[in-house]
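# Coordinate analysis (summary)
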Amino acid sequence: MSAIRVGAATDKGLVRSNNQDRLLVAPPLFAVADGMGGHAAGEVASDTAVKSLEISFSTAAVRSAEALVQATEAANKAVWDQARSDPGLKGMGTTLVAAALVDAAGSEELAVVNVGDSRLYRLRDAHLEQLTTDHSVVAEMVADGQLPEEEAEFHPQRHVLTRALGVEPRVVVDLDIVLPCHGDRYLLCSDGLPREVSEAGIASILRRYDDPTETARELLSEAKLRGGNDNITAVVFDLLASAASLPGQRADRVEKAQPGLVVPPFQGLPGPSGDGSHEVPRALNAMQRPRARIVTFRVVGFFVLLLAALGVAAGGTAWYARASYFVGLDGDHLTIFQGRPGGLLWFEPTVAERSAVTTSQVESRHLAALRAGVEEATLSAARRYIANLEAEWSAAQAANLPHLPVTTTTSGTATSNTTASTSAAAERGAGAMTPARVA
Ligand code: MG
């Protein structure tokens, strides 16, 4: 067995209240799980998964790639059974990425299993490469050419998984067989790391630090420095040159498992025929079912929040659209409308009050503003505005009247009816010559 040097670290980050990530360091087996589910359910899911994985793999008759896949399927069943046994844990699930050095016809291979969006990276000859494929909506859109890779990190569904452990009784496990070389450095991590740190940043830290524990801690520090929005976990292990079975340099070769087709036949999960074989149709169905379930698992919550946000936004818009008045024209009459001039979205203004004042009773310089609508905060403010316009016009009319001769009456009062009404109009206009506000 190869000599391995390993270091690991995990942190809840700067935003989350608890850490739902779990890691496993049990050479030659290493794993990272990222739990999900309300309250403590995510922690239970990831904890259950890594413990089940370790027990199943360590007790396998032969530590092979097939044994690692079986252990992952057993972990899936363990999480599924636990979620069904406790209503408080319903819907919980977890990602799982694991790597193990396994026997393969006298030499060693690195078997890698993956479900979800936790990742395995390899640093070889200073070059970093992601060896696992994310099971997420965005990753599949990028793979299908529906989404440019540079837009993936900003996509609203970037955290929606298409596959996870524990949400269905069966799960399809991706299996990669990697031919290891001494000097290889491997990194298992939860999505909290690549979410914050670019691949170039991760590679830089993996190259810069020698000690795996120090390296793992530095990766976490960098992720927290850049936001720490999620739990962060890193397991770093180096393959040293002392192993006789490990060649010095071999051409890189990654054997990629075909999802749903390469889950190898194994004992213990009998098919419908009861002969213990693992049937491809069942595996294909298993590949499809988790996708539907997981999308429901997170997307339902997303859409509930989205609908709530849209409801609040619609209510706020309706309130804003109807909370104001404006003075405009309805034919020749000055009219008070409720709403916003010109309307807002589908909220059209409605007539609140039609005044007797016409455009012929308003100074012409106000007409353009009236046609556009002069906003007032309240109905009474709108009424005052119309009254002011009328008063201003009346005062102007009075000022333009020719002065009539004073008529002396027997009582000695030095006013005529005409001058009295003029004075009254001027007095009413005094202090109200300027309309309240002209938009
Ligand atoms: Mg996470």
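In what follows, the structure referred to is the one given above.
The following refers to the structure shown. Here the structure is a predicted model, which is why all the values come from computation and not from measurement.

Another point: the overall build of the protein. From N to C terminus, the protein includes nine helices and 16 strands. In the protein, buried positions account for 45% of the 439 residues. In the protein, once contacts between residues fewer than 6 apart in sequence are set aside, the share between residues at least 24 apart is 69%. With the model as given, the accessible surface of the protein reaches about 21,100 Å², and the carbon-plus-sulfur share is 55%.

The tally for this structure, following the rule as stated, stands at 19 salt bridges. Here Asp81 makes a salt bridge to Lys77, at a shortest N to O gap of 2.9 Å. Here Asp81 pairs with Lys77, and both are found in helix α2 (residues 65-85), just four residues apart, close to one helical turn. The salt bridge involving Glu392 is made with Arg365; its shortest N-O contact spans 2.1 Å. Of the two residues, Glu392 is situated in helix α8 (residues 379-400) and Arg365 in the loop between β15 (350-358) and α7 (367-372); the sequence distance between them amounts to 27 residues. Among the charged side chains, a salt-bridge network with shared partners connects Arg5, Arg185, Asp210 and Asp238.

With that settled, the discussion passes to the packing of helix α1 (residues 41-58) against α2. Contact geometry of α1 with α2 gives a least axis separation of 8 Å together with a crossing angle of 140°. Every pair of crossing elements has a handedness; the one defined by α1 and α2 is right-handed. Facing α1, whose interface residues are Val44, Ala45, Thr48, Ala49, Ser52, Leu53, Ser56 and Phe57, α2 presents Ala67, Leu68, Ala71, Thr72, Ala74, Ala75, Ala78, Val79 and Gln82. When grouped by side-chain class, the residues that make up the contact of α1 with α2 number 12 nonpolar, five polar and no charged.

In terms of residue burial, strand β7 (residues 119-124) counts as a mostly covered element, since six of its six residues are buried. Side chains Arg119, Tyr121 and Leu123 of β7 all project onto a buried face; the interleaved residues Leu120, Arg122 and Arg124 project onto the opposite face, where all are buried too. Inspection of the sheet shows β7 paired to strand β10 (residues 185-189) by five bridges, in the antiparallel sense. By the bridge assignment for β10, Arg119 is matched with Cys189. In this structure, β7 lies alongside strand β8 (residues 127-130), joined through four bridges in antiparallel fashion. Residue Leu123 lies in a different strand from β8, and its bridge partner there is Leu128. Connecting the antiparallel pair β7 and β8 is a turn made up of two residues, with Asp125 showing a positive phi of about 50°.

Turning our eyes to something else, we now look at the packing of aromatic side chains. As enumerated under the stated definition, the model contains three aromatic pairs in all. An angle of 15° between the planes, with centres 4.3 Å apart, marks the rings of Phe30 and Phe237 as stacked. Of this pair, Phe30 sits in strand β3 (residues 29-36) while Phe237 sits in strand β11 (residues 232-239), and the two are 207 residues apart along the sequence. Just as Phe30 is buried, Phe237 falls in that class too. With 5.2 Å between their ring centres and 20° between their planes, Tyr186 and Phe237 make a pair best called stacked. With Tyr186 in strand β10 and Phe237 in strand β11, this residue pair connects regions lying 51 residues apart in the sequence. For the pair Tyr186 and Phe237, a shared accessibility class is recorded, and that class is buried.

The coordination sphere of the magnesium ion, as far as protein atoms go, consists of Asp34 (OD), Asp191 (OD) and Asp230 (OD), spread over 2.1 to 2.2 Å. Mapped onto the sequence, the residues coordinating the magnesium ion show the spacing D-x156-D-x38-D. With Asp34 in strand β3 and Asp230 in the loop between α5 (212-225) and β11, the pair connects residues that are 196 residues apart, well separated along the chain. Since its relative accessible area comes to 4%, Asp230 is described here as buried.

Take the environment of Leu147 next. Examined against the element boundaries, Leu147 turns out to sit in the loop between α3 (137-143) and β9 (174-178). In this view, Leu147 contacts Val138, Met141, Val142, Ala152 and His155; residues no more than four positions away in its chain are not counted.

Residues Glu149, Glu150, Glu151 and Glu199 make up a contiguous surface patch of negative charge. Along the chain, Glu151 falls in the loop between α3 and β9.

Looking now at the sheet that holds strand β16 (residues 374-376). Backbone hydrogen bonds hold the strands of a sheet together, and the pairing may be parallel or antiparallel. With antiparallel pairing, the four strands of this open sheet are ordered in space as β15-β14-β13-β16. Looking at the sheet topology across the chains shown, the edges are occupied by β15 and β16. For this sheet, the mean angle separating the axes of adjacent strands, direction not counted, is 30°. Direction of pairing for strand β14 (residues 333-338) relative to β15: antiparallel, over a ladder of five bridges. Pairing of Thr335 across the sheet is with Arg354, part of β15.

Between its terminal C-alpha atoms α1 stretches 26 Å, which fits the 26 Å expected from 18 residues at 1.5 Å a residue. All of the buried residues along α1 are Ala41, Gly42, Ala45, Ser46, Thr48, Ala49, Val50, Ser52, Leu53 and Phe57. Each element contacted by the buried residues of α1 is listed here: β2 (21-26), β3, α2, β4 (93-94) and β5 (96-104).

Moving on to the sheet that holds β8. Pairing within the open sheet is antiparallel, and its five strands lie in the order β1-β11-β10-β7-β8. Only two strands of the sheet have a single partner each, and these edge strands are β1 (4-11) and β8. If you compare each strand with its neighbour and ignore which way they point, the axes differ by 15° on average. As judged from the five bridges shared by β10 and β11, these two strands associate in the antiparallel manner. Bridging from a neighbouring strand, Arg185 pairs with Asp238 of β11. Across the sheet, helix α4 (residues 199-208) touches β7, β8, β10 and β11, and the angle it forms with β8 is around 125°.

So, how was this worked out
- Residues numbered from 1 in each chain as written.
- Predicted model: local features only at pLDDT ≥ 70, side-chain atom pairs only at ≥ 80, totals over all residues.
- Heavy atoms only, no water.
- Helix = DSSP H or I, 4+ residues; strand = E, 2+ residues; numbered from the N terminus.
- Buried < 20%, exposed > 50% of the residue type's maximum accessible area, 1.4 Å probe, protein only.
- Contact = heavy atoms within 4.5 Å.
- Areas by Shrake-Rupley, 256 points an atom, 1.4 Å probe, with all protein chains shown as cover.
- Salt bridge = Lys/Arg side-chain N within 4 Å of Asp/Glu carboxyl O.
- Axes fitted to C-alpha atoms, helices over the stretch in contact; angles between N-to-C directions.
- Left-handed = near helix turned anticlockwise from the far one by under 90°.
- Nonpolar A, V, L, I, M, F, W, Y, C, P; charged D, E, K, R; others polar.
- Pairing = 2+ DSSP bridges.
- Phe/Tyr/Trp six-rings, centres within 6.5 Å; stacked < 30°, edge-to-face > 60°.
- Donors = N, O, S within 2.8 Å, 3.2 Å for Na, K, Ca; no water.
- Patch = residues over 30% accessible without salt bridge, like charges linked within 9 Å, V, L, I, M, F, W, Y side chains within 5 Å.
- Lys, Arg positive; Asp, Glu negative; His and termini not counted.
- Charge placed at Lys NZ, Arg CZ, Asp CG, Glu CD.
- Expected span 1.5 Å × (residues − 1).

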